[in-house]
Amino acid sequence: MARDLTPGTGPRSGRLRVYLGSAPGVGKTYRMLDEARRRQERGADVVVGYIECHGRRHTEGMLDGLEVLPRVRRSYREVEFEEMDLDGVLARRPSVVLVDELAHTNIPGGRNAKRWQDVEDLLAAGIDVISTVNIQHLESLNDVVQKITGIPQRETVPDEVVRRADQIELVDMAPQALRRRMAHGNVYKAEKVDAALSNYFRVGNLTALRELALLWVAGRVDEGLRDYRADHNIDRVWETRERVVVALTGGPEGETIIRRAARIADRTAGGDLLAVHVTRSDGLAGASSGALAQQRQLVETLGGSYHVVVGDDIPTALLAFARAHDATQLVLGTSRRGRISRFLTGPGIGETTVDASEDIDVHMVTHEFTRRGKLPSLGRRHSRRRTVAGYAAGFVVPWILTGVLSQAHHSVNLTTDALIFQLGVVIVALLGGATSALLAAVIASLLLNYFFIPPVHTLTITETNNIVALVVFAAVALAVSTVVDHAGRLTSRAARATAEAETLSTLAGSVLRGADALPALLEKSRTAFGMNAVTLLSRTRGEVLAHSEAEHPGDLGGETTEVPVGTDAVLVLTGRRLPAADQRVLTAFAAHVGAALERDRLAVVAAEVEPIKAADRMRTALLAAVSHDLRTPLAAALASVGSLRSPDVEFSPEDQAELLATADESLVKLTRLVDNLLDMSRLQAGALTLHLAETHLDEILPRALDSLPDPYAPVQPLDLDTAPPVLADPPLLERVLANVITNALRHNAPGAPVLVTASHHADQVEIRVIDRGPGIAPEDRDRVFLPFQRLGDTDNTTGVGLGLALSRGLAEAMGGSLEVEDTPGGGTTMLLTLPAAATREEPAHE
């Protein structure tokens, strides 16, 4: 139910104030409660309809002294939930009500499905509402937030609901400050802090969300400013901030004026750069699409935005765009036309724009192409044969018509003669263009005067009306021929543009075919240009990289056309001679061929490198295990058996049992390790594949703990049963976890448990082994994964520092990774990332 915003209709609607947060935990609810207390001190009747404090003691303290309305309990799937009692709030009818979490989805059974709909009902009843919402819950940003954080937001609110608020206040906090709040336990409970900091609350995520919030609110401010100016009929530009518009024609001067405009925008903080290209309404502008694409890329690289507007009057379109975006400055390049061209065609775009700019500053940027343009063309460019035919027709057609009309001069009058001559001029225009039509019009005028206007057979005209008729004939003939020529030029250009678009569309489809892109591109090049053969040659080696040849070559001659493909290859087309117009499209083909060739090269390199990388990882893991884990149990077993066999020492039965137990335990570990090493040797040799399977962490962890030197060590698992299964080799994963947990126990603070947690992020599962030890300095984090590194630990009984190296090698072999992070409050967190066996939606962060 939407509230009626029409003035003067029904009772007064309530006013909505929204605290918009850049991320969870920035203090929206606290600010809302602080505003409620201020209003209460001023005498307003304020009640709390619904507040969610999430266990934050500072926020809960702000509720003291405020009236909190009872909530209604609803059952859903045999679980009891508390919701805002909408009917109770309406019956209480306060002047102001606090309603937290605007995007919340209500439990079924109430009046509305969403909480924002409850707020609409309260506003319609004349009750002022103060609410909160996070930027990630706005409907328009839902997909953007998911791409940034990897977490879909199931609870959203339409942007229009928030935009209609009477007041929107942004609650912001620097990412580092918010993470400190998290680490101090002021946002989430301690057991959830590590996972939150490493997933949703990463610095990059928070920075991106902060920028989204600032931009959204800035857009809302711009809307308010535009509405105010429209309501008050303000047309002049308000220089609230510098907005520089640069006009692009697609010409070679584009890069120069773009960089000049960017420097103008950079002179003021917050200056915007907008590039605009005006295209004709018929879509047949002569600008180079390739040049415009490069200029667009440059604009976006410089932090600007690119726009295209339609308009036949370019100065009017430019100024309309500039005023619509409240631009303060407009940058154009000086004209490329020479003096003669400007004399023939009148003032140019720049001069007209300056005259009509009013309060917008116009910068005319000089460049190296100034006044290097050509004279305006009087007609279409035709082939040499057609041009000659056009001039011949312009001379012959009037004489032929004269002969025909002379035989029928008794049955036709002067008007008919003039119309037939005009038809002849139009036919000449269609054949040879405006220039040949001009020749035909001049000859037709003279012949019409000499043979058909009294006195005949002289060029003298005695009657005034005949003079007027002859002048009108000449003018109409020229005008009609020009229009016909222009229409023919547009038709020709449209047909060619359509053909090029279809060809390039097919070309793009060929590129997307993947591994077969290169042969498909050559075949398409051959058929598109009607050639006998197309060959891709290597410049350095001279060998044929790819070739396409027609099954039945036509009689196209032996002309060859070469176009470079990157720096190492050349595309050779054999057959007919290509006109200049086709050369431009051929360049686009060559660019796609170069891209496909580079992709094939990279694919070959990647295929060659991947086995080497895999072998290196396995070799590293194998050597680490042999030199460390194999030696430790072997030495213990040898020492125990050697002691028992020594004739110099007599052991008690208890000592003998202890030595035998040590030997037995060491030999069991040794047997298990040898089996693993044999499997890894087969894997390295390609004789054994990884047995990746859906693996549940709550099943693997107990087996990993059983293999620890002290199976009763304080290890506390958290949320492993709720984590999705991973795609891993179970024995290898068990070994990785055992090594990492052993390392954490070795360095952990006395009496503190080692925490093992798991969380789901995008298509990966992140397993954290958290200790409260001395931590690892940032410069030493890569060293801990190198063999024989113990970072100052001199206890040689704990091995030679290869456990983590082995663990990282095994993790990477399974398609995962092992990294080091700081534990909030002190200590080290080992982050093991593995691919999830199946993806599922994460709950939204509130």
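Criteria and cut-off values
- Residues numbered from 1 in each chain as written.
- Predicted model: local features only at pLDDT ≥ 70, side-chain atom pairs only at ≥ 80, totals over all residues.
- Heavy atoms only, no water.
- Helix = DSSP H or I, 4+ residues; strand = E, 2+ residues; numbered from the N terminus.
- Buried < 20%, exposed > 50% of the residue type's maximum accessible area, 1.4 Å probe, protein only.
- Contact = heavy atoms within 4.5 Å.
- Areas by Shrake-Rupley, 256 points an atom, 1.4 Å probe, with all protein chains shown as cover.
- Pairing = 2+ DSSP bridges.
- Axes fitted to C-alpha atoms, helices over the stretch in contact; angles between N-to-C directions.
- Core = buried A, V, L, I, M, F, W, Y, C linked by side-chain atoms within 4.5 Å.
- Phe/Tyr/Trp six-rings, centres within 6.5 Å; stacked < 30°, edge-to-face > 60°.
- Lys NZ or Arg CZ within 6 Å of the ring centre and 35° of its normal.
- Parallel < 35°, antiparallel > 145°, perpendicular 65-115°, else oblique.
- Left-handed = near helix turned anticlockwise from the far one by under 90°.
- Nonpolar A, V, L, I, M, F, W, Y, C, P; charged D, E, K, R; others polar.

So, on to the overall build of the protein. Looking only at helices and strands, the protein has 25 helices and 24 strands in total. Going through the 846 residues of the protein one by one, you find that 43% of them count as buried. A separation threshold of at least 6 residues defines the contact pool for the protein, and within that pool the share at least 24 residues apart is 71%. Carbon and sulfur atoms form 56% of the exposed surface of the protein, whose accessible area is close to 43800 Å².

Further remarks concern the sheet that holds strand S9 (residues 243–248). With parallel pairing, the five strands of this open sheet are ordered in space as S11-S10-S9-S12-S13. Of all the strands in the sheet, just strand S11 (305–310) and strand S13 (361–365) have a single pairing partner and so form its edges. The sheet shows a mean angle of 25 degrees between the axes of neighbouring strands, direction not considered. Relative to S13, strand S12 (residues 329–333) runs parallel, the two sharing five bridges. Looking at the pairing, Gly333 lines up with Val365 of S13. In this fold helix H10 (residues 254–266) packs onto S9, strand S10 (272–279), S12 and S13, with an angle of close to 175 degrees to the strand it touches most, S9.

Looking now at the sheet that holds strand S21 (residues 754–761). A sheet is described by the order of its strands in space; here five strands give the open sequence S19-S21-S22-S24-S23, paired in mixed fashion. In this open sheet, the two edge strands, each paired with only one partner strand, are strand S19 (715–718) and strand S23 (817–822). Taking each pair of neighbouring strands and ignoring which way they run, the sheet shows an average axis angle of 20 degrees. Relative to strand S22 (residues 764–770), S21 runs antiparallel, the two sharing seven bridges. Its bridge partner lying in S22, Thr757 is registered against Arg768.

For His54, which is not glycine, the phi torsion reads 55 degrees and is therefore positive. As for its position among the elements, His54 is in the loop between strand S2 (46–50) and helix H2 (57–61). On the basis of relative accessible area, His54 is assigned to the partly exposed category, the value being 31%.

Let's shift gears to the nonpolar core. Ranked by internal contacts, the top residues of the largest apolar core, which has 60 residues, are Leu98, Leu122, Ile135, Val157 and Phe201. With six residues, the top contributor of residues to this core is helix H9 (residues 203–231). Listed in part, the 39 residues of the second largest apolar core include Leu720, Leu733, Ala744 and Leu818.

Applying the stated rule across the entire model yields three aromatic pairs. Considering the side-chain rings of Phe421 and Phe452, the 6.1 Å spacing of their centres and the 65 degrees angle between planes classify their relative orientation as edge-to-face. You can see Phe421 sitting in helix H16 (residues 414–432) and its partner Phe452 sitting in helix H17 (residues 434–452), a full 31 residues away along the chain. Members of the aromatic cluster, connected to one another through ring pairs, are Phe421, Tyr450, Phe451 and Phe452. The ring of Tyr50 has Arg71 sitting right over it, with the charged end atom 4.1 Å from the ring centre. Just above the ring of Tyr50 sits the side chain of Arg115; from NZ or CZ to the centre is 3.9 Å.

Quick look at the packing of H16 against H17 now. One way to put it is that H16 packs onto H17 with a least axis distance of 8 Å and a crossing angle of 160 degrees. Here H17 runs roughly antiparallel to H16, going by the angle between their axes. Note on packing geometry: the crossing formed by H16 with H17 is right-handed. Across the interface between the two elements, Leu414, Asp417, Ala418, Phe421, Val425, Val428, Ala429 and Gly432 of H16 pack against Ala434, Ser436, Ala437, Ala440, Ala441, Ala444, Leu447, Leu448 and Phe452 of H17. For the contact of H16 with H17, the class distribution of residues is 14 nonpolar, two polar and one charged.

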